[in-house]
Amino acid sequence: MALMGTSDPPGEAEASQEKPFVLRALQIALVVSLYWVTSISMVFLNKYLLDSPSLRLDTPIFVTFYQCLVTVLLCRGLSSLATCCPGTVDFPALHLDLKVARSVLPLSVVFIGMITFNNLCLKYVGVAFYNVGRSLTTVFNVLLSYLLLKQTTSFYALLTCSVIIGGFWLGVDQEGAEGTLSWTGTLFGVLASLCVSLNAIYTKKVLPAVDGSIWRLTFYNNVNACVLFLPLLLVLGELRALFTFPQLGSAHFWGMMTLGGLFGFAIGYVTGLQIKFTSPLTHNVSGTAKACAQTVLAVLYYEEAKSFLWWTSNMMVLGGSSAYTWVRGREMKKTQEEPHPRENEKSNMEV
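Residues numbered from 1 in each chain as written. Predicted model: local features only at pLDDT ≥ 70, side-chain atom pairs only at ≥ 80, totals over all residues. Heavy atoms only, no water.

- In the annotation of an unreviewed UniProt entry, the chain is listed under the name Sugar phosphate transporter domain-containing protein and assigned to Ovis aries.
- Recorded in UniProt for the chain, the comment headed Subcellular location (unreviewed entry) runs: "Membrane". (UniProt positions renumbered as here; feature names shortened; annotations may be inferred.)

### A short note on the confidence of the model for the chain
Detailed reading of the predicted coordinates is not advisable wherever pLDDT falls low.
(1) Moving on: Put simply, the chain has an average pLDDT of 87, and 91% of its residues get 70 or more.
(2) Moving on: Within the chain, helix H7 (residues 155-177) carries the highest mean pLDDT (95), whereas helix H14 (residues 341-350) carries the lowest (47).
(3) Moving on: Every residue in residues 4-15 scores below 50 in pLDDT, and together they form 7 contacts with partners more than four places removed in sequence or on other chains. (pLDDT = per-residue confidence, 0-100. Helix = DSSP H or I, 4+ residues; strand = E, 2+ residues; numbered from the N terminus. Contact = heavy atoms within 4.5 Å.)

### Some points on the pattern of salt bridges
(1) Moving on: Under the counting rule described, the total for this entry stands at 6 salt bridges.
(2) Moving on: Across the pair Glu178 and Lys306 runs a salt bridge, and its minimum N-O distance is 3.4 Å. With Glu178 in the loop between H7 and helix H8 (183-206) and Lys306 in the loop between helix H12 (280-301) and helix H13 (308-337), this residue pair connects regions lying 128 residues apart in the sequence.
(3) Moving on: What makes Glu178 partly exposed here is its relative accessible area of 29%.
(4) Moving on: With a relative accessible area of 19%, Lys306 lands in the buried category.
(5) Moving on: With its nearest N and O atoms 2.9 Å apart, the salt bridge here joins Arg328 to Glu331. Taken together, the positions of Arg328 and Glu331, both in helix H13 and 3 residues apart, correspond to about one turn of that helix. (Salt bridge = Lys/Arg side-chain N within 4 Å of Asp/Glu carboxyl O. Buried < 20%, exposed > 50% of the residue type's maximum accessible area, 1.4 Å probe, protein only.)

### Topic: the packing of aromatic side chains
(1) Moving on: Taken as a whole and assessed by the stated rule, the structure comprises 17 aromatic pairs.
(2) Moving on: Between the aromatic rings of Phe91 and Trp215, the centroid separation amounts to 5.5 Å while the plane-to-plane angle is 40°, which identifies the pairing as tilted. Separated by 124 residues along the polypeptide, Phe91 in the loop between helix H3 (60-84) and helix H4 (98-124) and Trp215 in helix H9 (residues 214-235) bring together distant segments of the chain.
(3) Moving on: Here Phe91 falls in the buried class, since its relative accessible area comes to 6%.
(4) Moving on: Trp215 sits in the buried class, given a relative accessible area of 6%.
(5) Moving on: Linked through ring pairs, Phe62, Phe65, Tyr66, Phe245, Phe253 and Trp254 together constitute an aromatic cluster.
(6) Moving on: Stacked on the ring of Tyr124, the Lys or Arg Lys123 has its end atom at 5.8 Å from the ring centre.
(7) Moving on: Positioned above the aromatic ring of Tyr130 is the side chain of Arg134, whose terminal nitrogen or guanidinium carbon lies 4.1 Å from the ring centre. (Phe/Tyr/Trp six-rings, centres within 6.5 Å; stacked < 30°, edge-to-face > 60°. Lys NZ or Arg CZ within 6 Å of the ring centre and 35° of its normal.)

This is the structure in structure tokens:
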């Protein structure tokens, strides 16, 4: 199984289609379960590292920097393994090219904003509110597609976006009513949503610079991030805070930090794996269902009591996101099925 996110050879694709239904269903169930466990575990672990009363580590930039460093080391390790032991793992050869790094740099700035604002949002808001706090990604996708790519959106898709916005504002209102609202965390959540949308748009433009390889792009993004994070660590005083951290020499602390980096690397792989075994549409639906399960688990784990309107805001956000995915999927299918004008003219001439 490849780690590159590329499609299987025709022989493997045909073989997978010939597998019994029960076996294919079991494979899909295992892959989806792996995605859910990895994603949910990563969120709870990051919450522990960023805002645990027992840890008391106030260095969110360093936590993000260390996770990027772990990803760089894993990419280099897998690349070396693929070179030394061909056939063991399918991973692209990685050689640091400063010219390519400069080409990827604009995207890396957006990437840094995305992962940093995600972690800062999680630091200041509860896990239960985390999905609502970052729920405007779909709205920014529509807005930026129009502003940057001049792509228009259908009325029904805009209607689903209005449901998401309504759910977001209702969630903010209910968090305020319960006295748990963090405007700082909410702002970071909105900025994270904006950066996620920008990252998706600019990734397509930068991919040719890395020969279309997602793993090469991951490597260069994280290398650039590690370099750019260093001055931030100095300016914000996080290195000084780290040196006075009581658990700096604790094996448990560094084990949790490294595990967070492993989850950060793994989520990219299992996401691609889920899309490979299902489809992009099913992946989005699975992500929405995962977000719902994550919210319920957070409420139960932290023993929180939430109002009916608070749950309604979550259902609006999740329902609006699912509806948008369904509407866009139908529109894309309809576009693919419609014959091109030139084909119509050609058929008319032949008649």
